[in-house]
Amino acid sequence: MSVDFKKIEKKWQERWEKARLFEANPDEREKFFITAAFPYLNGVLHAGHLRTFTIPEVVARFQRMKNRNVLWTFGYHVTGTPILGLAELIKNRDEKTIWAYTQLHGIPEEDLLELTTPEKIVEYFSKKAEEAFKRMGFSLDWRRNFKTSDEVFTKFIEWQFYKLKEKGLIVKGSHPVRYCPSCDNPVEDHDILIGENATLVEYTLIKFTTEDNCIMPMATLRPETVFGVTNVWVNPEATYVKAKVYLEKETDKGVKLIDNGIWIMAKECAEKLKHQNRKIEIIEEFKGEKLVGKKVKNPITGKEVPILPAKFVKTNIGTGCVMSVPAHAPYDYIALRDLGLVDKIGLIPLIKLPNYGKFPAKEIVEKMGIKSQEEEDKLEEATKKIYKEEFHKGVLNENCIGYEGLAVREVKDKLTKDLIEKGLAEIMYEFSEEKVVCRCGCPCMVKMVKGQWFIKYSDEKWKELAHKCIDRMKFIPENLRQVFHEKIDWMKDKACVRRRGLGTKFPFEEGWVIESLSDSTIYPAYYTIAKYINQYNIKPEQLTLTLFDYVFLGKGNIDEIEKETGISKDIIKNMREEFLYYYPVDWRCSAKDLIPNHLTFYIFNHVAIFPEEHWPRGIVVNGYVTIEGKKLSKSKGPVLPVLEVAEKFGADVGRFYITTCAELPQDADIKFKEMENTKKVLERIYFLTKEVADRKKTEKVNEELTYIDQWLLSVLNKAIKQYSEFMDNFELRKAGILIYQLLDNLKWYKRRGGDNLNVLEEFLEVLIKLMCPFTPHICEEMWEMLGKEGFVSTSKFPNVNEDFINEEIEKGEEYLKAVIEDIKEIINVAKVKPRKIYLYTADDWKYDLLKIIKENEGKTIKELMPIIMKESKFRKYGKEIPKVVNQLIKNNAELINEVKVLENAKEFLKREFDVEDVIINGEDKANKKRHALPFKPAIYLE
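Residues numbered from 1 in each chain as written. Predicted model: local features only at pLDDT ≥ 70, side-chain atom pairs only at ≥ 80, totals over all residues. Heavy atoms only, no water.

(A) Spatial organisation of a negative patch on the surface. Where like charges cluster on the molecular surface, the negative patch consists of D338, E374, E376, D377, E380 and E381. Among the elements that line the negative patch, the one with the most residues is helix α12 (residues 376-393), at four residues. Look at E381 and you get exposed, because its relative accessible area is 52%. (Patch = residues over 30% accessible without salt bridge, like charges linked within 9 Å, V, L, I, M, F, W, Y side chains within 5 Å. Areas by Shrake-Rupley, 256 points an atom, 1.4 Å probe, with all protein chains shown as cover. Salt bridge = Lys/Arg side-chain N within 4 Å of Asp/Glu carboxyl O. Lys, Arg positive; Asp, Glu negative; His and termini not counted. Charge placed at Lys NZ, Arg CZ, Asp CG, Glu CD. Helix = DSSP H or I, 4+ residues; strand = E, 2+ residues; numbered from the N terminus. Buried < 20%, exposed > 50% of the residue type's maximum accessible area, 1.4 Å probe, protein only.)

(B) Up close: the nonpolar core. Counting residues in each nonpolar core, the largest one holds 236 residues, and the members touching the most others are F125, F156, F552, Y723 and F730. The element contributing the most residues to this core is helix α24 (residues 707-728), with 12 residues. Setting aside its immediate chain neighbours within four residues, F552 contacts F156, W159, A525, T528, I529, R576, F579 and F610. Counting 70 residues, the second-largest nonpolar core is a separate cluster that includes V232, A243, L350 and Y403. (Core = buried A, V, L, I, M, F, W, Y, C linked by side-chain atoms within 4.5 Å. Contact = heavy atoms within 4.5 Å.)

(C) Structural detail: the pattern of salt bridges. Scanning the entire structure with this criterion turns up 76 salt bridges. With a closest N to O distance of 3.1 Å, E224 and R222 form a salt bridge. Of the two residues, E224 and R222, both sit in the buried class. The salt bridge partner of E916 is R835, with a shortest N-O separation of 3.3 Å. One end of the pair, E916, is in the loop between α34 (906-913) and β30 (917-920); the other, R835, is in the loop between α28 (807-830) and β29 (836-840), and 81 residues separate them in sequence.

(D) Structural context of the packing of aromatic side chains. Under the criterion given, the structure shown has 63 aromatic pairs. Centre to centre, the rings of F156 and F552 are 5.6 Å apart; their planes meet at 65 degrees, and the pair counts as edge-to-face. Separated by 396 residues along the polypeptide, F156 in helix α7 (residues 151-166) and F552 in helix α17 (residues 545-553) bring together distant segments of the chain. Taking the relative accessible area as the measure of exposure, F156 reaches 0% and is therefore buried. Residue classification places F552 among the buried positions, given a relative accessible area of 0%. Ring geometry for W748 versus F908: centroids 5.6 Å apart, planes at 85 degrees, classification edge-to-face. Of this pair, W748 sits in helix α25 (residues 732-751) while F908 sits in helix α34, and the two are 160 residues apart along the sequence. Across the pair, F908 and W748 agree in class, each one buried. It is K134 that lies over the ring of W142; its NZ or CZ is 5.3 Å from the centre. For the cation-ring pair, K290 lies above F286, with the distance from its terminal atom to the ring centre recorded as 5.0 Å. (Phe/Tyr/Trp six-rings, centres within 6.5 Å; stacked < 30°, edge-to-face > 60°. Lys NZ or Arg CZ within 6 Å of the ring centre and 35° of its normal.)

As structure tokens, then:
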């Protein structure tokens, strides 16, 4: 017999909706505001969404049971270019797109082919998302739902940008951006198909010079290593160019060209520099082998060094001309060694590094046994290790003239600035990943855009506020605090508008649209007032800047705002009060891919616009999801739509499994067999509840508590306390394991003969409440089955009854379990079927020893011995004492009344082993008693 999960889910979802159970309104209770990064609607909600969104959903339900006034809701992100691109692909009947959305996303082809405009896509997938959330039983306040394309929401974004511009944080200028030449737009993470985590990396181009006075720029991320250059590398098989280079300088009269000399570089580099404020005129093309054997001059040391061939040089990164620093770069050392030139060219040490000698690269190559340049994985590992250690622990030595004694981590910016001021270096930008592709399919580039609007995330005072906020916040996991500090430090100005895509019109210049990561930073504030805008059908033109100033910042005159907007004073006042009641956000939940962008912007924009009391309080980040070991992919599969989970396994099964199958920071691998096992566990609990409910109708309740009843109530009350701590800290897997442990406890209780109906009902009542945040539908059904009133979803979380917690009884049962295992082991080894079992507890002096150990917990045997031997009663046992002490510590022995536990369990042990008798401390058979220790009785089988 199986449980009809879908029928139960439908029943309770309808009841919740009818009761408007999860609508949040301010009252006298403590508030709890939890949000998650809203989903982007260019497909169905999938397993990745399910994990990220179910975590705050489970916590929201738990906090509701703790009598907190929970605000938990969702909006939909639809701005940017992905939806525009998808509409075009569907309109053009792109085969890959049609296949992905019909086969992976489960969209019927006839429906899909109708989605030829962004509006149709938004409408279709917003309905799918709402269906998925409701099918999974999410306890959301649907009155506050919105889409980022809603005209009322765009007025809120306009207000946000006015606030930033007032503070000088929206600026116009020339900055490097990720750019799609096909879309003719800067691209942000949401616009990118491949390489969405790619950031802009700043290379220093150090101007080495050839014998004929051409500039040969060396691109490096470590300009401090220029003091140790022994040679330079070029790729002999790649194409290089000699080119006339001009710097483009903006003036009042337009762009002025400044002669920047003749450069030698890889052809790819010349193409890139054309987009980075430089005009390039190619004079000559040739293979890199033409450069081999010539010399170039180091502009810092004045030393001439040879140009050598190296196939490892990548011409699609940097300039294709690479400084060789073999003392500190494993690639350089191994390449020189392969050419047999190490001794001839020599190594120049630059950096003092703890635990290394003068030449760290040589040491690590030899230690790792790297044989040649072909072992790229090992070389990459060695390079990362050396560079990391040198960055964090290295100090420049006497060869770094003028910079000796400076820490490596502090020298880059200073040295780069000095070199640029002297005309010896310039800056070039690259991606942090080799391949970056726009969703339109076109490879992206780094482009220096002129007349572009930016959010000035480089502002130092702004960064100080962001750091202050991070110091005050809570992070789960805690190590994220440092990660966010680093992200704030590294953050550069960010393009905030584009020419194409869905979104809010940029208020300060026509023809621009606010891009999708800039309109999704402070929207949790909009949740607090969205219900008024939705319910009262407030028009976009009524949502003025002064209204938002009053609601969110408390500025302005409410009578004047009423007159200006036509919105009643009561509604405006309620909006303000609701914002003040729920803000700030207690917890913001997201997957880890949003750390370098959305979550960092979330902190920045909040501290810029809101007073300190409304700054974010906490951020929770979870790992990714794989499906049967395969990486989730919207375009290639697998996807596992949320609706498919609800249909195949049931909402409760999916919720419980996805939130407990992995610790929060770890990636979760969904395994369908494990989901089926979860389903069986829930069915088992359901039928147990039904059995107890049926018994209640006919049986009388026994109020008297037996020993084993007391044990079950003890572990139950302890579990309530542990569960609450786990849930407060988002340790959902631990809470899930605790539920499984309670089921094991119940199994042991029954095995021990426990069957008190009153105790079983109390146990189930608590278990159902603990399970409810994870599996609310079946819990409501079981709650009703037991005859309880109201919804378990809004019932009070169980109190811990400290009177029931009995450590001695719990230790006694653990002791008994260990005794059973020891008996089983002896039976298996001896291969006998015992008729009687003799159990012997330890002599009194051994218990006295254990008391001393407990009184001096943490002390070593060496420290314990003088304390023990002070007492004359122990001296007669001589050499036996250290051995017993060692065993007691090793066994983690506890002081309990073992005789009482064993006497109480005699009948149980007789049943367990099907023996005539169990004798405790009877005739000493085979002199066994002398082997007994506290918490580990001696055993004799007859």
